Amino acid sequence: MAHVITSLCLRDGGCATVCPVECIVPGKPTDQYPGFYIDPETCIDCDACTPECPFGAIFIEDEVPSAYMAKGGEVLSMAEGTPGFTNEYNGKNHDGEPVQLKATKKLEAGEVVDLSPAIAVNAAFFKEGPGYETA
Ligand code: SF4
Ligand code: SF4
């Protein structure tokens with residue numbers, strides 16, 4: 001088991017500052033991995049990261065919602081080229097630095113989305129993607 005960051009992540013970075021085992025890392029390259037990712041081999045499920053996220057993006061792996069009902073206004077961020085994700089997001093991270101994401105979509109109130117694909121994306125980042133050691 002591990003915690004998982006879903007596509008509600010907008011690279012705020014606050015979670016990474018509180019993780020006691022430093023297993024939360026920024027995705028690279030950002031066009032393919034736009035969020036932050038949790039190394040499932042290292043996460044100790046302490047839950048310190050969850051309340052740190054301003055966007056509610058972090059879940060225990062087996063509680064990642066497959067039918068997340070939006071309150072309205074949440075922004076989902078995906079790899080560039082994902083169909084339907086055509087909006088650019090410009091915000092600021094935990095340190096006040098600019099964050100720009102190219103493939104996002106704002107959710108309407110009541111819209112239901114499946115956040116569970118993030119589990120496989122996270123695993124791919126560490127197993128098949130650049131991970132954080134070689135990025
Ligand atoms: S605090 Fe939330 S938005 Fe920021 S990097 Fe972590 S999961 Fe992503
Ligand atoms: S649950 Fe704890 S160990 Fe796992 S990513 Fe969050 S802060 Fe780090």
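Keep in mind that what you see is a predicted model, and the values were worked out from it rather than measured. (Residues numbered from 1 in each chain as written. Chains lettered and ligands numbered in written order. Predicted model: local features only at pLDDT ≥ 70, side-chain atom pairs only at ≥ 80, totals over all residues.)

K.L.:
Tell me about the overall build of the chain, and name the residues and values.
P.N.:
Looking only at helices and strands, one finds two helices and nine strands in the chain. When the helices and strands of the chain are listed from N to C terminus, the series reads β-α-β-β-β-β-β-β-β-β-α. Against the 2.2 N^0.38 benchmark of 14 Å for 135 residues, the chain shows a C-alpha radius of gyration of 14 Å, consistent with a compact globule. With the C-alpha coordinates of the chain rotated into their principal frame, the extents come out at 35 × 30 × 30 Å. A burial count over the chain gives 29% of its 135 residues as buried. The contacts of the chain with a sequence gap of at least 6 include a subset with a gap of at least 24, amounting to 73%. (Helix = DSSP H or I, 4+ residues; strand = E, 2+ residues; numbered from the N terminus. Rg over C-alpha atoms; globule rule 2.2 N^0.38 Å. Buried ≥ 20, exposed ≤ 12 C-beta atoms within 10 Å, placed from the backbone. Contact = placed C-beta atoms within 7 Å.)

K.L.:
Let's hear about unusual backbone geometry: which residues, and what values?
P.N.:
Cis geometry marks the peptide bond from K28 to P29; its omega dihedral reads -10°. Residue placement: P29 occurs in the loop between β2 (24–26) and β3 (36–38). Backbone geometry places D45, a non-glycine residue, at a positive phi of 55°. Within the secondary structure, D45 sits in the loop between β3 and β4 (58–60). You can call D45 exposed: it has 10 C-beta atoms within 10 Å.

K.L.:
Would you mind going over the nonpolar core in detail, with residue names and values included?
P.N.:
Nonpolar side chains tend toward joint burial in soluble globular proteins. Core analysis: the largest hydrophobic core is formed by 26 residues, its most contacted members being I5, C15, I24 and I58. Residue assignment for this core shows that the elements contributing at least two residues are β1 (3–5), β3, β4, β8 (98–106) and α2 (117–127). Other than its neighbours up to four places away in sequence, I58 contacts H3, I5, C15, C49, T50 and C53. (Core = buried A, V, L, I, M, F, W, Y, C linked by C-beta atoms within 7 Å.)

K.L.:
Describe the site of ligand 2, naming the residues involved and giving the relevant values.
P.N.:
Near ligand 2, the surroundings consist of 13 residues, among which C19, C43, C46, A48 and C49 are the closest. Here the shell around ligand 2 is built from residues that sort into ten nonpolar, one polar and two charged. (Near = placed C-beta within 6 Å. Nonpolar A, V, L, I, M, F, W, Y, C, P; charged D, E, K, R; others polar.)

K.L.:
Account for the environment of M69, with residues named and values stated.
P.N.:
You can see M69 is positioned in strand β5 (residues 68–69). Look at M69 and you get exposed, because 12 C-beta atoms sit within 10 Å. Between the C-alpha atoms of M69 and F55, which are 14 residues apart in sequence, the distance is 14 Å. Leaving out residues up to four positions away in the same chain, M69 has contacts with G110 and V112.

K.L.:
Account for the site of ligand 1, naming residues and giving values.
P.N.:
Around ligand 1, a shell composed of 15 residues is seen, among which C9, D12, C15, F36 and C53 lie nearest. Of the residues assigned to the shell around ligand 1, the class counts are nine nonpolar, three polar and three charged.

K.L.:
Could you give an account of the pairing of β8, naming the residues involved and the relevant values?
P.N.:
Relative to β8, strand β6 (residues 75–77) runs antiparallel, the two being bridged by three bridges. If you follow S77 over to β8, its bridge partner there is T104. As paired strands, strand β7 (residues 87–92) and β8 are joined by five bridges and run antiparallel to one another. The partner of N90 across the bridge, within β8, is Q100. Between the antiparallel neighbours β7 and β8 lie five residues, among them G96 with a positive phi of about 80°. (Pairing = 2+ DSSP bridges.)

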